[in-house]
Structure formats: C-alpha cells, structure tokens
Amino acid sequence: MNGRRMKRLGRSFLLFCMAALLLAGTALANSAPPDYRVDVKVVNGPGEAYYLDLLEQADGGRTGNPPEGLDQELLGAMAAAAPPGWRPCALSAMGDHYDGDIVGVNGVHTFHGMNTPRVFRILMVTESGENWISEPLEREVMHSIVTVDWEAGTAKMPPKWIALMRQLLATLIPTLVVEGLVLLAFGLSSKRNWLVFLLANLATQGALSWFLATALVQRGFADTMPFALLFMIPVELLIAAVEANIYQHKFRGCSMRKAFWYGIAANASSYALGWIAVRLVWAGLLPL
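Along each chain, residues carry numbers from 1 onward, in the same order as the chain's sequence is written. In view of the model being predicted, local features appear only for residues whose pLDDT reaches at least 70, and side-chain atom pairs are presented and counted only at 80 or more, with totals across whole chains, interfaces and linings using the full set of residues. Hydrogens and water molecules were not included; the side-chain quantities draw on all heavy atoms of the structure.

Caption draft 1: Summary view of the pairing of strand 9 (residues 143-149). Remark: exposure states derive from per-residue accessible area (1.4 Å probe, protein chains only) relative to the maximum for the residue type, with buried under 20%, exposed over 50%, and partly exposed in between. A run of DSSP states H or I qualifies as a helix once it reaches four residues; a run of E qualifies as a strand once it reaches two. Both are numbered from the N-terminal end. Most of strand 9 sits out of view: 6 of its 7 residues are buried. Strand pairing is assigned whenever DSSP detects at least two bridges linking the two strands. One ladder, built from 7 bridges, connects strand 1 (residues 37-43) with strand 9; its direction is parallel. Each residue of the ladder has a partner; that of Asp39, found in strand 9, is Ile145. Pairing of strand 9 with strand 10 (residues 154-156), which is carried by 3 bridges, proceeds in the antiparallel orientation. Residue pairing across strands places Val148 opposite Ala155, the latter belonging to strand 10. What sits between strand 9 and strand 10 in their antiparallel hairpin is a turn of 4 residues, with Gly153 showing a positive phi close to 70°.

Caption draft 2: Summary view of the sheet that holds strand 10. A sheet is described by the order of its strands in space; here 5 strands give the open sequence 4-5-1-9-10, paired in mixed fashion. Of all the strands in the sheet, just strand 4 (99-100) and strand 10 have a single pairing partner and so form its edges. Judged from the 5 bridges that link them, strand 1 and strand 5 (residues 108-112) form a sheet pairing that is antiparallel. Opposite Arg37, over in strand 5, you have His112 as the bridge partner.

Caption draft 3: Seen up close, the packing of aromatic side chains. Between rings of Phe, Tyr and Trp, where Trp is taken as its six-membered ring, a pair exists when centres lie within 6.5 Å; planes separated by under 30 degrees are stacked, by over 60 edge-to-face, and by other angles tilted. Following the criterion strictly, the structure yields 6 aromatic pairs and no others. With a centroid separation of 5.3 Å and an interplanar angle of 50°, the aromatic rings of Tyr247 and Tyr262 are classed as tilted. One end of the pair, Tyr247, is in helix 6 (residues 229-250); the other, Tyr262, is in helix 7 (residues 256-285), and 15 residues separate them in sequence. Here Tyr247 matches Tyr262 in class, with each residue buried. Through a chain of ring-to-ring contacts, the aromatic side chains of Phe186, Tyr247, Phe251 and Tyr262 assemble into a single cluster. It is Arg121 that lies over the ring of Trp86; its NZ or CZ is 5.3 Å from the centre. Any Lys NZ or Arg CZ that is within 6 Å of a ring centre and within 35 degrees of that ring's normal is treated as a charge sitting over the ring.

Caption draft 4: View of the pattern of salt bridges. We count a salt bridge whenever a side-chain nitrogen from Lys or Arg sits within 4 Å of a carboxyl oxygen from Asp or Glu. What the rule picks out here adds up to 3 salt bridges. A salt bridge links Arg87 to Glu56, with the nearest nitrogen and oxygen atoms 3.0 Å apart. Of the two residues, Arg87 is situated in strand 3 (residues 86-88) and Glu56 in strand 2 (residues 50-57); the sequence distance between them amounts to 31 residues. With a relative accessible area of 4%, Glu56 lands in the buried category. Between Arg118 and Glu138 there is a salt bridge; the shortest N-O distance is 3.2 Å. One end of the pair, Arg118, is in the loop between strand 5 and strand 6 (119-126); the other, Glu138, is in strand 8 (residues 137-138), and 20 residues separate them in sequence. Using a relative accessible area of 27% as the deciding quantity, one classes Arg118 as partly exposed. Looking at Glu138, the relative accessible area reads 38%, which means it is partly exposed.

Caption draft 5: Inspection of the confidence of the model for the protein chain at higher detail. Scored from 0 to 100, pLDDT records how confident the predictor is in each individual residue. Mean pLDDT over the protein chain works out to 76, with 69% of the residues at or above the 70 mark. In this description, contact between two residues means that some pair of their heavy atoms is separated by no more than 4.5 Å. Across residues 219-227, where pLDDT falls below 50, the model places 15 contacts with residues more than four positions away in sequence or in other chains.

Caption draft 6: Broad picture of a nonpolar patch on the surface. Among the surface-exposed residues, Ile173, Val177, Leu181 and Leu184 lie close enough to one another that they form a single nonpolar patch of about 360 Å² accessible area. With respect to the element layout, Leu184 can be found in helix 3 (residues 160-185). Any residue with relative accessible area above 30% and no salt bridge may belong to a patch, with like charges joined within 9 Å and the nonpolar Val, Leu, Ile, Met, Phe, Trp and Tyr side chains within 5 Å. Each accessible area is a Shrake-Rupley result for a 1.4 Å probe, and residues are judged covered by the shown protein chains and nothing else.

Caption draft 7: Expanded view of the pairing of strand 2. Buried residues dominate strand 2, accounting for 7 of its 8 residues. Relative to strand 6, strand 2 runs antiparallel, the two sharing 6 bridges. Its bridge partner being in strand 6, Tyr51 is matched across the sheet by Val125. Here 3 bridges tie strand 2 to strand 3, and the two strands are oriented antiparallel to one another. In the sheet register, Glu56 faces strand 3, and the bridge partner there is Arg87.

Caption draft 8: Main features of helix 2 (residues 72-81). Of all the positions in helix 2, only Leu74, Leu75, Met78 and Ala81 are classed as buried. Seen along its axis, helix 2 keeps its buried residues to an arc of 125°; they face one direction. What points out from helix 2, more than 90 degrees from its buried face, is the exposed set Glu73 and Ala80. N or O atoms closer than or at 3.5 Å make up a polar contact, with two conditions inside protein: a donor-capable atom paired with an acceptor-capable one, and, for residues adjacent in sequence, both atoms drawn from side chains. Between the side-chain oxygen of the N-cap and the backbone nitrogen of Glu73 there are 2.9 Å, and the N-cap of helix 2 in question is Asp71. It is the directions from the helix axis to the C-beta atoms whose arc is reported.

Caption draft 9: Fine view of the side chain of Asn193. Topologically, Asn193 is positioned in helix 4 (residues 191-218). In this structure the side chain of Asn193 is engaged in a polar contact, spanning 2.8 Å, whose partner is the backbone oxygen of Leu188. Setting aside residues up to four positions removed in sequence, Asn193 forms contacts with Leu188, Lys250, Phe251 and Arg252.

Caption draft 10: Fine view of helix 3. A helix's residues, less one, multiplied by 1.5 Å, set its expected span. Helix length check: helix 3, at 26 residues, gives a terminal C-alpha distance of 38 Å against a target of 38 Å (1.5 Å per residue), a fit within 8%. Within two residues after helix 3, Gly187 carries a phi angle of roughly 70°, on the positive side.

Laid out in structure tokens, this is it:
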C-alpha cells in the first residue's frame, strides 16, 4: 500500500510540476514572445556622437512623437535625412510591439519586436551633421545581424546559412542543456539514450528553425497575426509529442511509459525556461 501511495504521489507531483512549468512558460512567452530582432554592429564608427536607426517604408499609416530623453536636434536631423518613401522607425508610433536602441552599447544597436520591418534601410546621423544610408536590406530569419562599416560605407549581412545556423544554435543549446538535466534527473543516462536524445533534438530543432525562417518570416504569417505565440504553441506541442514517441520506442533501460513521460517533462521544462536561455545564448552568438 505504501509503495502504491508513493507512486501515486510521485505521479501527482510530476503532473503538478509539468502543469506549473507549462503555465510558467505560457506566462513568460506572453510577456516576451518570440519576436523579430535585428542587431546592428558598427565597426570603424564615427569619432563623435551619432544615432543609428532602421528606416521603414512609409505608408502614411503611422506617425508618432520623437522618443523622450534623446537629443532632439539629432532626431530632427535623422528625420530630415530620411529619403522619400522612408522614415526612421524611432519616429513611428509602433506601440508595445517594437523597441530600438538608436544610441547603442559598445557599437551594437538592437531592434526587436513584432513590428520590426522586414525590409529596411539603416540610417546613421552624426552630431556634426554627417549622415549615411544603406541600401535596402531584408530579414530572412527571426534574428538578423548586420555589420555596418562607417568608414567604408557598407552594410553587410551574413549568408543565409550562417544566419540559420545561429538561429538553430540559439534554440538547440538551451534545449540540450535543460532537457539533458531532466534526462539525468530521470535516471536515464546511457550512451544509447544520450545518442537518441541528441539526434531527436537535432531533427526537431532543425525543423523548428526552418519553420521560424520560412513560415514566420519569409511567408509573413506573423505579420497578419502579431502574436507569433499562437503559431508556436501547436508547433511546440507537436515537437513534444514526436520526441516523447521517439524516446518511448528507442530508449533502453527503462519502461516505455517512463521514457514517454520523460519526453513530456523535458519539453515542458525547456519551454518554461527556454525564452530566457535563448536570449542569453543569442547574446553570446552575436560576436561570432
């Protein structure tokens, strides 16, 4: 009887933890959903104060007041330097779905949010009145990196395969760490199980990166529905079901039931902690 009670308590505790993790993941994802991001790195920058912003194609549908706490003269110069048909994103009323750092930190300017333009140009305006505008650029992945050489007057993006690899690593590394710890906690560590675990995650995370790059960015699904989380929930549930099924049939040294519930618990854990971990890993991949 005591043994049965312990098993029931264990199952109840596991289900409670899974529910808590899923709720935490949903809450965290709602506060910081998977968004578009453009990181602009400035090399050989001007030896004076400057502002850098993305230019969006002006359609006349949004106008806004200049951000507070910034040099209004530089902001005015930025607005004046924008070519016809384009306008600085900082001067647009984008609400809570866009945030940009036009001042930058150590030469890195980050722009992110669901309203980050897919096609954009980069505008730099210096304190002395110099300005430079890039040719139009296009995001092809969720997280894009642009390197601007002020002296050479160039703006370069890495090849698409490199951008996809960065995006894959940004989700794969946190997933392997979190789900690997859950694997140890379940007592399922063995050479075969680790190999199955690695191959399953390479396949599912590769598919996820492809989905993010094609469905959400290139086909613009998220542009018609700003909450990309609605797309991510069924995708994450599908990944959890696929991985749990793989573990159930390929893991050794445990029951099929235990392997299945490991897959569910591991995905719930990585979902709950993933958004924080992904941001940390992406920050580490930025200099590469």
